[in-house]
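Coordinates in review
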Amino acid sequence: MSSDSIWIVGAARSGKTSRLIEQFCQWSKTVKPLSARVSTRLGSGHRRVGQTGRAILVLAANGENRLELADRIAVATQGKYTFNSTTPFGFFEQEVMLFWPLLVDSLELRVQFPLRLQPETELELATRLWRHELDEGILQQTGVSPNRMVRRTLDLLQLAAVSGTPIEAIPTILEQGFTQQSGQTRLWTSMGELLGRWREWCLTRGLLTYGIIGELYWRYLLQNPTYQERLASRYQAVIADDVDDYPAISRDLFEFLLSSGATGAFTYNPDGGVRLGLGADTEYMAQLETRCATVEYLDRKAGLAKDIGELAVNLAVNFDAFYPFGLSFSGEVRSIQTTSRAQLLRETAEIIAEAVNSKAVAPGEIAVIAPGIDAIARYTLTEILARDNIATESLNDQRPLSSTPAIRALLTVLALVYPGLGRLVDRDAVAEMLVVLSRQGNRPWEEEPEAEANNPTSKIPYLKSIDPVRAGLIADHCFCPNLDRPPLLPLTAFPRWDRLGYRAAAAYEDIVEWIEQQRRQQQERLLPSPISLLDRAIQKFLIFDRYLAYDRLAALRELMETATHYWEIDGRMQQIEPKSGGDSETIARFIHLLRQGTVTANPFPVRPDGPDGQTVTIANIFQYRSSRRAHQWHFWLDAGSPLWLSGGAATLYGAPLFWRSQQGRSWQSEDEETEGQQRLRRILVDLLSRCSQLYLCHSELAVNGQEQTGPLLPLIHNSVSYQRPAMGRR
């Protein structure tokens, strides 16, 4: 037990993080000021000491929380003290990279400096490696697609790694846990063998995944005496926020630091566990309390949780309990009830618009939360609110890159410039590319001023514009399919080209001229790489001399980071296993990867510019809880959906089997039901702590036409039905 360590327990918004910052300020007095040491800034608030000396390790559950915590510490200390700010996974990766020579010696590896695989690249390479097993049906489960089967198997490696379970034990754990799935012994054994082969294949090529990084850290690096000595000398204290969301091997790290003389301060939310089922081990991390001398309980409850939290949980979870007839919530909880979901989306958006326009609440104090936000709901809410000039922000939107028109247009440009990719280009793709690349101005739907529209010679941002109809006509007559390099013919190939107008003709000629120039440079080897081509296209057509909305800019950043990573991995593979296909073969795989709907890794977190409080937040339950945000008004969309039991986040296959408290036991349907109720309780208490006005938005019928019978129906029936003023309806 560390005599100075502190364990802080409290609900959401009870002041846990503020208490951590206060503790940091006390401990930082023993750390040399920033001016006395060399410090390197690694992103917002991320500092690593450049000279010897024991610093403070600051951990947060995810990247967004890390940025906020680091900034708050920097403000509280006026930036005078150094600290290493990261996340648990970020720390494991940082240490594996930094002490790679130790791992090379202990594992007898003969590889160069390692590269980390993004999840989408990991999936592609593992699919190639396991192609025989997939084709022969060795790696197969009923009703599971091959891609999903590969992802499920890779997830088992990550779950084992972050729980501190040897990879060799995976088949046994699956056998013991899924006793109801008889006859699967061969599959479990095959999964273990394939993961062992995958691990060996990656290590011999210097490729690291999250799962391999986790295993290398807890199994080899943390057990290495040389590393232990270095680690103990680097940190005098550790501060960890929201440890209920940390993987089990984080506790091994913390216990070693505490045993080495470091002090610790940890916050724990009994109703947290957002990532439980996705790698976190909340119950195991809670036992870290025994290593702390002081335990502080912050009893303050925030938001609606202090008044109706217990009642809401009892109604939703303990639905068999008896309550007096006529029981209802106070006016802080209202329901919006419609028959169809389409009507519900419209009603919800219009009520939000009326509240904002009447100054009852600011847009930044409104959050729309649902188990899952589909494209229809996002589009409907965004479009209706846009009529009242109310902007929206989709929180950590996990949509495929290929769902963005600008990204699809850039992929078409790649296929037009590089040879041998004609099969990847069709008439519709070319038409969309012409529309996207010819648009200028901040909002493509904005109409041109009449004076500018009638002056074709003026250099205005709306000069080059091809609408979808004109783009379709041009693609029909000027695009010639070709397996090598499909040409874009001169506009005169269209008999009635004069009817297209000056702006469309000028825009088309500019695009064709630029593509031909890039083709010539590619043939003359003056185009360094496909990444350079993407960058040129973005600079030329998408962001030159204009402002892009944050979500569009984030999509472009995501594409560039994904492409850079993809070609970096391809370069490593070419060094080991040279192929004759060159750039065209790699580009074809890259385009196919994105077009099949793969969700790429999020780019490095960068917050949008401009003042806060100007956008309505749209998020699913998991993303909202992960962000630890709070808003005055909550609109719980699809409140009658049964998906509230799962929290809107899919639990990784077999995740409960790797919890330290569960290992060696079978996972039964009763366990699943109990865990679902506990998860619902955590969701309700957590979300109610983050708002002071709640609207339960419920439609009798779901999108598929079925009746909604979710666990929150008792809350809806006991709430006050919201009645809009008659004149307020549109």
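Scroll up to find the structure this text is about.
For clarity, every value in this text was computed on a predicted model and none was experimentally measured.

1. Here's the deal with the overall build of the protein chain
Along the backbone of the protein chain there are 27 helices and 17 strands. Contacts spanning at least 24 positions in sequence make up 80% of the contacts within the protein chain whose residues lie at least 6 apart. Total accessible area computed for the protein chain in this model is approximately 32,500 Å², and 50% of it derives from carbon and sulfur atoms.

2. Brief notes about the sheet that holds strand β11 (residues 333-338)
The strand order across the open sheet formed by seven strands is β13-β14-β12-β15-β16-β11-β17, and the pairing between neighbours is parallel. Of all the strands in the sheet, just β13 (391-394) and β17 (720-721) have a single pairing partner and so form its edges. Note that β11 and β17 share two bridges and pair parallel. Bridging across to β17, Arg-334 finds its partner in Val-720.

3. Observations concerning helix α9 (residues 185-205)
Taking 1.5 Å as the rise per residue, α9 with 21 residues should run 30 Å; its terminal C-alpha atoms sit 31 Å apart, in good agreement. Backbone geometry just downstream of α9 places Gly-206 in the positive-phi region, at approximately 70°.

4. Quick look at the packing of helix α17 (residues 405-417) against helix α21 (residues 502-523)
Following both chains from N to C, one finds α17 and α21 inclined at 50°, their axes separated by 9 Å at the closest point. When the axes of α17 and α21 are compared, the pair comes out oblique. Two packed elements cross with a definite hand, and for α17 against α21 that hand is right-handed. Contacts between α17 and α21 involve Val-413, Leu-416 and Val-417 from the former and Trp-514, Ile-515, Gln-518, Arg-519 and Gln-522 from the latter. Residue composition of the contact of α17 with α21, by class: five nonpolar, two polar and one charged.

5. Quick look at the packing of aromatic side chains
In this structure the tally under the stated criterion is 25 aromatic pairs. Between Phe-89 and Tyr-210, the aromatic rings sit 5.4 Å apart at their centres with planes inclined by 65°, giving edge-to-face as the arrangement. On the criterion of sequence distance, the pair formed by Phe-89 in helix α3 (residues 88-98) and Tyr-210 in helix α10 (residues 210-221) is long-range, its members being 121 residues apart. Tyr-210 sits in the partly exposed class, given a relative accessible area of 26%. A ring pair is formed by Phe-178 and Trp-188, whose centres lie 5.7 Å apart and whose planes are at 35°; its orientation type is tilted. Of this pair, Phe-178 sits in the loop between α8 (170-177) and α9 while Trp-188 sits in helix α9, and the two are 10 residues apart along the sequence.

6. Quick notes on unusual backbone geometry
Not every positive phi belongs to a glycine, and Gln-78 is a case in point at roughly 60°. As for its placement among the helices and strands, Gln-78 is situated in the loop between α2 (63-76) and β5 (84-86). Phi at Arg-525 is positive, roughly 60°, even though this residue is not glycine. Along the chain, the position of Arg-525 falls in the loop between α21 and α22 (530-542). By relative accessible area, Arg-525 is classed as exposed at 78%.

7. Overview of the pattern of salt bridges
Throughout the structure, instances matching the rule amount to 33 salt bridges. Here Glu-124 makes a salt bridge to Arg-589, at a shortest N to O gap of 3.6 Å. Of this pair, Glu-124 sits in helix α5 (residues 119-129) while Arg-589 sits in helix α24 (residues 582-595), placing them 465 residues apart in sequence. The same class applies to Glu-124 and to Arg-589, which are both buried. Here Glu-255 makes a salt bridge to Arg-251, at a shortest N to O gap of 3.0 Å. Pair noted here: Glu-255 and Arg-251 are both in helix α12 (residues 248-259), with a separation of four residues, about one helical turn. One salt-bridge network, in which partners are shared between bridges, spans Glu-124, Arg-128, Asp-570, Glu-585 and Arg-589.

8. Topic: empty space enclosed by the protein
One pass over the structure, following the stated rule, counts three cavities of 30 Å³ or more. Of the pockets and cavities examined, the largest cavity occupies roughly 160 Å³. Around the largest cavity, the lining comprises 16 residues; the ones closest to its centre are Arg-128, Asp-570, Met-573, Lys-579 and Arg-589. Elements with a minimum of two residues in the lining of the largest cavity: α5, α23 (550-576) and α24. In terms of residues, the lining of the largest cavity owes the most to one element, α23, which gives five residues. Residues of the lining of the largest cavity, tallied by class, amount to four nonpolar, five polar and seven charged.

9. Some words on the packing of α3 against α10
Close contact between α3 and α10 brings their axes to 9 Å; oriented N to C, the two are set at 70°. Considering the angle they form, α3 stands roughly perpendicular to α10. In the packing of α3 onto α10, the handedness of the crossing is left-handed. Taking contact as the criterion, the partners of Phe-89, Phe-91, Phe-92, Glu-93, Glu-95 and Val-96 in α3 are, on α10, Tyr-210, Ile-213, Leu-216, Tyr-217 and Leu-221. Looking at the contact of α3 with α10, its residues break down into nine nonpolar, no polar and two charged.

10. A look at the nonpolar core
One finds Phe-91, Trp-130, Trp-198, Tyr-217, Leu-231, Phe-254 and Phe-266 to be the most contacted residues of the largest nonpolar core, which totals 89 residues. No other element matches α9, which puts nine residues into this core. Aside from chain neighbours lying at most four places away, what touches Phe-266 is Ile-6, Trp-7, Ile-8, Leu-20, Val-238, Ala-240, Val-243, Phe-254, Leu-258, Leu-288 and Cys-292. With 59 residues, the next largest nonpolar core counts Cys-478, Trp-514, Ile-515 and Met-560 among its residues.

Scoring rules and cut-offs
Position numbers for residues count from 1 along each chain, tracking the sequence in the order it is written. Local features in a predicted model are, by the rule used here, given only for residues with pLDDT of at least 70; side-chain atom pairs are given and counted only at 80 or more, and totals for whole chains, interfaces and linings are based on all residues. Just so you know, side-chain values use all the structure's heavy atoms and leave hydrogens and water out. Each helix is a run of DSSP H or I of at least 4 residues and each strand a run of E of at least 2, with the numbering of both proceeding from the N terminus. Any two residues whose heavy atoms approach within 4.5 Å at even a single point are treated as in contact. Using a 1.4 Å probe, the Shrake-Rupley method yields the accessible areas, and only the shown protein chains count as cover for residues. Two strands pair if DSSP finds at least two bridges between them. Helix span, as expected, comes to 1.5 Å for every residue beyond the first. With axes taken as lines fitted to C-alpha atoms, and helix axes fitted only over the stretch in contact, angles between N-to-C directions fall between 0 and 180 degrees. These descriptions rest on fixed angle ranges, namely under 35 degrees for roughly parallel, over 145 for roughly antiparallel, 65 to 115 for roughly perpendicular, and the rest for oblique. By definition, turning the near helix anticlockwise from the far helix through less than a right angle yields a left-handed crossing, and turning it clockwise yields a right-handed one. Residue classes follow a fixed rule: Ala, Val, Leu, Ile, Met, Phe, Trp, Tyr, Cys and Pro count as nonpolar, while Asp, Glu, Lys and Arg count as charged, and any other residue, Gly among them, counts as polar. In summary, the pairing rule links any two rings of Phe, Tyr or Trp, Trp by its six-membered ring, whose centres are within 6.5 Å, and it sorts them by plane angle into stacked for under 30 degrees, edge-to-face for over 60 and tilted for everything else. Accessible area is worked out with a 1.4 Å probe on protein chains only. A residue is then buried under 20% of its type maximum, exposed over 50%, and partly exposed in between. For this analysis, a salt bridge means a side-chain nitrogen from Lys or Arg found within 4 Å of a carboxyl oxygen belonging to Asp or Glu. A pocket here means an open set of points on a 1 Å grid, computed over the protein atoms alone, that has protein on both sides within 12 Å along at least five of seven lines. A cavity is instead a set of points where a 1.4 Å probe fits but cannot get out; residues with an atom within 4 Å of a point line either one. Grid points are joined across faces, edges and corners, and a volume is the space filled by probe spheres set on the points. To qualify as a nonpolar core, a set must consist of buried Ala, Val, Leu, Ile, Met, Phe, Trp, Tyr and Cys residues joined through side-chain atoms within 4.5 Å.

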